[in-house]
Amino acid sequence: MLKTHYDHNEVEQGKYQTWKDKGYFLAGDETKTKFSMLIPPPNVTGMLHLGHAWNTTVQDIIARYKRAKGYDVLWLPGMDHAGIATQAKVEARLREQGISRYDLGREKFLEKAWEWKKEYAETIHSQWSVMGLSLDYSRERFTLDDGLNKAVRHVFVTLYNKGLIYRGERIINWDPVFKTALSNIEVIHQDDKGKFYYFNYPLVDDSKNLLIATTRPETMFGDVCLVVNPKDERYLDIIGKEVINPANGEKIPVIADEYVDLNFGTGVMKCTPAHDPNDFLIGERHHLAHPIIMNDDATMNGNCPAEYVGLDRYVCREKLVEKLKQDGYLVKIEDIVHQVGHSERSHAVVEPMLKKQWFVKMGPLAKRALENQNTDDKVEFIPERFNKIFENWMSDCDDWCISRQLWWGHRIPAYYSKKDGSILVSEEPPADMENYVQDEDVLDTWFSSGLWPFSTLGWPNETADLKRYYPLDIMVTAYDIIFFWVSRMIFQALEFTDKAPFKKCLIHGLIRDEQGRKMSKSLGNGIDPFDVIKKYGVDALRYFLTTSTSPGLDTRYSDEKVKSSEAYLNKIWNASRFVLSNLEGEEKLDEEIDLSKLSLIDKYILTRLEKTITNVTINMEKYDFANASTHLYNFVYDDFTSWYLELSKVTMNHETKKVLLKVLKSIILMIYPYTPFIAEEIYLNLPYHGESICLEKYPEYEEKYVSEESEKIVSSLISMIKDVRSFKVDNSLAPNSKVRLYLNHVGNFDFQTILPYLKRFTFANEVIIDDESKKDFSSIYYIGELYIEEDLDKELLKKKFDEKIFAIKNELLRGDKMLNNPAFIAKAPEKKINEEKAKREKYLKELAEYQKKRDILN
RNA sequence: GGAGACUUAGCUCAGCUGGGAGAGCGCCACCCUUACAAGGUGGAUGUCAUAGGUUCGAGCCCUAUAGUCUCCACCA
């Protein structure tokens, strides 16, 4: 029997371990249709946050729903080594002990990193279990395990041999803190305050100056020329001439290139090919030198005048500006706000630098990904608009810089000959490894994540799992990693498996704090899901996360809403207690319900149940969990607890008890994917329950339980009761005050069937049916077919009637406007016209009745 | 500079393919009615951002405007 109070701690206790031990979450029943998904692997960098909780709960709902629907569900767990992020954490930990990774050396450092991984994997596992995620742990993977390493090497080598991976010297985004290259999307552009410095570059053999504006004076040491637009009439005569670079006194030429914008700045720009991507392209076109002027830590190098060597780039900037000011070259300084690139991980200002790195050639891969979206094999984004976001990015992306100057990750399988420096790219090290040196760099962490949908299933081996579960049915993720991850999975999958990696991609938003701000460490506004769980229970958190959210949109965390989720579960808990207490001692409740023995209200609730099952299922199939839960919520609160449970007390019998059991069971089966713990607890307390709710079937719509007629009659009954209640409040009568009711029998059903309920809920001491003599006494209140006799305030009654008459007249007006409109009659669908006509009839009748009663009062 | 989202009750948000404005929380009044006071009953509250347009009919479709937010982009 259920305890008097819903205590989430007690309810959650031990259940997950049992589910896991019993193997309920293991995939592999080949008699069923498969349904497969993978968890987006969390980084082994720390604790899971509310975003993870949201993302994984959505998947868990899908997994549990699909299992209940009879699928063989594979939900494969795993984690991501998260190269740069994890390495940063491990280095920070070492720094606390006063050591750097260089003190340890590569091998020892990696040992530390694996220790870190082990530690945090454990944390994540325990957090997954608290969340109740129905993961198949027997298939868990890690991006750095042997199988995935093999997949990564295979992909790298294959792409290299196809010419889709190349090594080249290009301008890349350099993170001077972590001292590694970054891909374009790892650079966050944000508005920073900066300055526009205007300098004079004196022309050689001329007294004139050229005015140049720059935001980065320190790069002047790397200037190789000035550039003007060949169409710019102002500067036609100076093209080909030389100027003095005031920073270092070197003579540099003025060249012409279409790139220069005539309307920006002074129309003349300086060109630093090694430290700016556009300057680099200009340099390529004009075969210019590209001197690098900074070290990896963004200090100035030997290509700068001695007094600046070793200075940090910003210190150098100040010093140089000061000097140029003294020398009379500085014309003015303007304050500006401009977009500056920062490293996603270190937040340092990214330095564009010319470096030799590995790249994936995106053109052909992107083309195929885009083309595939026009085929039957396309990935269906939910909501659909994310397809456009995906396509926009895909159709305009640069080559992907995949080498990272880190240690934690997949080491690039390229080997350089000690003899001649030639490159050997191969899945396995060369036999004569002593003659080679392996590339020091590792791959971008997203390189391996991009293979996740198939590498985790054993690819490149033709494993049974790969055959059965690939491609996946759905991928669930937040929109912020569409570029990082989703797009890469898609083009890698197409390239290596000739199929899209998943059929659907369900996109959800990000969770924000109560004020709508992003949760961040610096703001200190992060909310630990496990604090919330302690307070309200994991079921309440899960319910909140998946029901008060809208597809693809961000959501705000709301303590109030989690609380009300808990209140809802408490409601179900107590309703269950009521049902169970009524079932006690009853036998043969598992026998088929005898429709002929059902009361009016039993038929009513079954009808509402069947309709609810339909509505919930439709929305579950669309992965619209907010809508699905709303249908269930309304059924539970209104139909079931507010009305049926109360009404059932009046005519409780054996058949009603069967109905109570059936309806309760259906409710907990439908709430189960959202809130598995409380659902299991109640389930195990039901008579005739199975081993676990995890093994139960989802409720199915059954036509035989639907009775439109009963639904209609009980709806009238409910509105009568509501009217009497509201009548009492209006007349300051106690809710349980006795009344005498008169029913005028105009409907086509037997009023006797509703009498017991009407009496009980209106506290009527008498209900008189069809007594013509009682129709014109003065102290009455009339509602539909119902009269109430009482000593009443006539003025109040008049007012009530007048309000009602006014409302009906308004309705009539609305309808007449339509019906008197020839265009409406001509163009509106016939169904709608008939509806309006029927309403008109109904209102006219009501109006007449009310007016009659109103007249009696005068 | 492009792209997208959002603007509905005091607050947070629903409103499915156009056909009588909804929920939760909050608020007011009454009630410890035998599942539930984490409750029940009854109630108040909206020129659906603004202006046009399409339509018999617009919160919903189209256009423009304003405000908020996000993403993308190399403008020195």
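This write-up is about the structure you can find in this document. Quantities reported herein were computed from a predicted structural model and do not represent experimental measurements. (Residues numbered from 1 in each chain as written. Chains lettered and ligands numbered in written order. Predicted model: local features only at pLDDT ≥ 70, side-chain atom pairs only at ≥ 80, totals over all residues. Heavy atoms only, no water.)

### Re the overall build of chain A
A tally of regular secondary structure across chain A gives 27 helices and 29 strands. For 858 residues, the compact-globule estimate of 2.2 N^0.38 gives 29 Å, and the C-alpha radius of gyration of chain A, at 37 Å, exceeds that figure by more than 25%. Each principal axis of the C-alpha distribution contributes one length, and for chain A these read about 120 × 65 × 55 Å. Sequence-distant contacts in chain A: of pairs separated by 6 or more residues, those separated by 24 or more amount to 77%. When the accessible surface of chain A is split by element, carbon and sulfur atoms take 49% of a total near 38,500 Å². In chain A, 116 positive and 135 negative side-chain charges are present, and the distance between their average locations comes to 3 Å. (Helix = DSSP H or I, 4+ residues; strand = E, 2+ residues; numbered from the N terminus. Rg over C-alpha atoms; globule rule 2.2 N^0.38 Å. Contact = heavy atoms within 4.5 Å. Areas by Shrake-Rupley, 256 points an atom, 1.4 Å probe, with all protein chains shown as cover. Lys, Arg positive; Asp, Glu negative; His and termini not counted. Charge placed at Lys NZ, Arg CZ, Asp CG, Glu CD.)

### What about the nonpolar core?
One finds Ile-62 and Phe-640 to be the most contacted residues of the largest nonpolar core, which totals 130 residues. Apart from the residues lying within four places of it in its own chain, the contact partners of Phe-640 are Ala-575, Val-579, Ile-605, Phe-635, Leu-645, Leu-660, Val-663 and Ile-667. Ranked by size, the runner-up nonpolar core spans 61 residues in total, among them Ala-369, Val-379, Tyr-470 and Trp-485. (Core = buried A, V, L, I, M, F, W, Y, C linked by side-chain atoms within 4.5 Å. Buried < 20%, exposed > 50% of the residue type's maximum accessible area, 1.4 Å probe, protein only.)

### Topic: the state of the cysteines
Here the structure, examined in full by the defined rule, presents zero disulfides. Of all cysteine sulfurs, the one in Cys-271 lies closest to Cys-225, which takes part in no disulfide; the gap is 4.0 Å. Counting only cysteine sulfurs, Cys-397 is the nearest neighbor of Cys-505, a cysteine outside any disulfide, at a range of 17 Å. (Disulfide = S-S within 2.5 Å.)

### Some thoughts on the pattern of salt bridges
One pass over the full model with this rule turns up 59 salt bridges. Three or more residues joined by partner-sharing salt bridges are found here, namely Arg-216, Glu-218, Arg-313, Arg-317 and Glu-351. (Salt bridge = Lys/Arg side-chain N within 4 Å of Asp/Glu carboxyl O.)

### Concerning the pairing of strand 14 (residues 351-360)
Summarising burial for strand 14: nine of the ten residues are buried, a large majority. Bridging between strand 14 and strand 16 (residues 400-401) involves two bridges; their strand directions are antiparallel. Within the sheet, the bridge partner assigned to Val-360 lies in strand 16 and is Trp-400. (Pairing = 2+ DSSP bridges.)

### Points about the sheet that holds strand 8 (residues 209-214)
Spatially, three strands are ordered 8-7-13 in an open sheet, and the strand pairing comes out antiparallel. In this open sheet, the two strands that pair with only one neighbour each are strand 8 and strand 13 (330-343). Neighbour to neighbour, the strand axes of the sheet diverge by 20° on average, direction disregarded. Bridge count between strand 7 (residues 187-202) and strand 8: six bridges; the pairing is antiparallel. (Axes fitted to C-alpha atoms, helices over the stretch in contact; angles between N-to-C directions.)

### Considerations on unusual backbone geometry
Following Ile-382, the chain continues into Pro-383 via a peptide bond in cis, with omega recorded as -5°. Residue position: Pro-383 is located in the loop between strand 15 (380-382) and helix 11 (385-394). The phi torsion at Ala-82 lies on the positive side, around 50°, for a residue other than glycine. Topologically, Ala-82 is positioned in the loop between strand 3 (78-79) and helix 4 (83-96). The class for Ala-82 is buried, based on a relative accessible area of 3%. For His-347, which is not glycine, the phi dihedral falls at a positive 65°. In this structure, His-347 sits in the loop between strand 13 and strand 14. Look at His-347 and you get exposed, because its relative accessible area is 55%.

### Describing the environment of Val-486
Secondary-structure assignment places Val-486 in helix 15 (residues 482-497). When the C-alpha positions of Val-486 and Cys-505 are compared, they lie 8.5 Å apart, and in sequence the two are 19 residues distant.

### Considerations on the sheet that holds strand 15
If you walk across this open sheet you meet the three strands as 15-23-22, and the pairing is parallel. Two strands in the sheet have a free side with no partner beyond their single neighbour: strand 15 and strand 22 (472-478). Taking the axes of each pair of neighbouring strands and ignoring which way they run, one obtains an average angle of 20° across the sheet.

### Remarks on the packing of aromatic side chains
Remark: the centre distance and the inter-plane angle together describe each pair of aromatic rings, the angle taken between the planes. Per the stated rule, a full pass over the model turns up 40 aromatic pairs. Centre to centre, the rings of Tyr-65 and Tyr-698 are 4.8 Å apart; their planes meet at 85°, and the pair counts as edge-to-face. Placement of Tyr-65 in helix 3 (residues 50-68) and of Tyr-698 in the loop between helix 22 (676-683) and helix 23 (708-730) is noted, with a sequence separation of 633 residues between them. For Tyr-65, a relative accessible area of 1% translates into the label buried. A connected cluster of aromatic rings, assembled from ring pairs, spans Tyr-543, Tyr-568, Tyr-623, Phe-625, Tyr-633, Tyr-637 and Tyr-674. The aromatic ring of Trp-407 is capped on one face by Arg-101, whose charged end is 4.8 Å from the ring centroid. Positioned over the ring face of Tyr-308 is Lys-319, at 5.6 Å from the centre of the ring. (Phe/Tyr/Trp six-rings, centres within 6.5 Å; stacked < 30°, edge-to-face > 60°. Lys NZ or Arg CZ within 6 Å of the ring centre and 35° of its normal.)

### Concerning the protein's contact with RNA strand B
Taken together, 51 residues sit near RNA strand B, with Asn-278, Glu-811, Lys-827, Lys-832 and Tyr-843 positioned nearest. Each atom of RNA strand B within 4 Å of the protein was assigned to sugar, phosphate or base; sugar and phosphate come to 55%. Between RNA strand B and Tyr-259, the relevant distance is 2.9 Å, taken from a base oxygen to a side-chain nitrogen or oxygen of the residue. The contact in question runs from a phosphate oxygen of RNA strand B to an N or O atom on the side chain of Ser-550, over 3.0 Å. Broken down by secondary-structure element, the contributors of at least two residues to the surface near RNA strand B are helix 11, helix 18 (559-583), helix 20 (625-648), helix 23, helix 25 (794-819), helix 26 (822-827) and helix 27 (830-857). Sorting elements by how many residues they give to the surface near RNA strand B places helix 18 first, with eleven residues. (Near = heavy atom within 4 Å. Polar contact = N/O pair within 3.5 Å; in protein donor to acceptor, adjacent residues only side chain to side chain.)

### Regarding helix 3
With 19 residues, helix 3 extends 26 Å between its outermost C-alpha atoms, agreeing within 8% with the 27 Å of an ideal straight helix rising 1.5 Å per residue. Positioned one or two residues after helix 3, Gly-70 has a phi angle of 95°, which is positive. (Expected span 1.5 Å × (residues − 1).)

### A closer look at the side chain of Asp-513
Mapped onto the fold, Asp-513 is located in the loop between strand 24 (511-512) and helix 16 (529-536). Among the polar contacts listed, one links the side chain of Asp-513 to the side chain of Asn-525, at a separation of 3.0 Å. Once residues lying within four places of it in the same chain are set aside, the contact partners of Asp-513 are Met-519, Asn-525, Arg-556 and Tyr-557.

### Structural notes on the pairing of strand 22
Of all seven residues in strand 22, seven are buried, a share of seventy percent or more. In this structure, strand 22 lies alongside strand 23 (residues 502-508), joined through six bridges in parallel fashion. Residue pairing across strands places Ala-478 opposite His-508, the latter belonging to strand 23. Running through helix 15, the crossover from strand 22 to the neighbouring parallel element strand 23 is right-handed. (Right-handed = clockwise from strand over helix to strand, strands pointing away.)

### What to know about the side chain of Thr-57
As for its placement among the helices and strands, Thr-57 is situated in helix 3. Here Thr-57 is in contact with Met-131, Leu-133, Arg-542, Leu-545 and Thr-546, once residues within four sequence places are set aside.

### Here we look at the packing of helix 19 (residues 600-621) against helix 21 (residues 654-671)
It is the contact of helix 19 with helix 21, at a shortest axis distance of 10 Å, that shows an interaxial angle of 15°. Classified by the angle their axes make, helix 19 and helix 21 are roughly parallel. For the element pair helix 19 and helix 21, the recorded crossing hand is left-handed. Of the residues in helix 21, those in contact with Asp-602, Ile-605, Leu-606, Leu-609, Glu-610, Ile-613 and Val-616 of helix 19 are Thr-656, Val-659, Lys-662, Val-663, Ser-666 and Met-670. When grouped by side-chain class, the residues that make up the contact of helix 19 with helix 21 number eight nonpolar, two polar and three charged. (Parallel < 35°, antiparallel > 145°, perpendicular 65-115°, else oblique. Left-handed = near helix turned anticlockwise from the far one by under 90°. Nonpolar A, V, L, I, M, F, W, Y, C, P; charged D, E, K, R; others polar.)

### Points about the packing of helix 10 (residues 362-372) against helix 11
In contact at an axis separation of 10 Å, helix 10 and helix 11 are set at 155° when each is read in the N-to-C sense. One element, helix 10, and the other, helix 11, form an angle in the roughly antiparallel class. The chirality of how helix 10 crosses helix 11 is left-handed. Each of Met-362, Ala-366, Ala-369 and Leu-370 in helix 10 lies in contact with helix 11, whose residues at this interface are Phe-390, Glu-391 and Met-394. Residue composition of the contact of helix 10 with helix 11, by class: six nonpolar, no polar and one charged.

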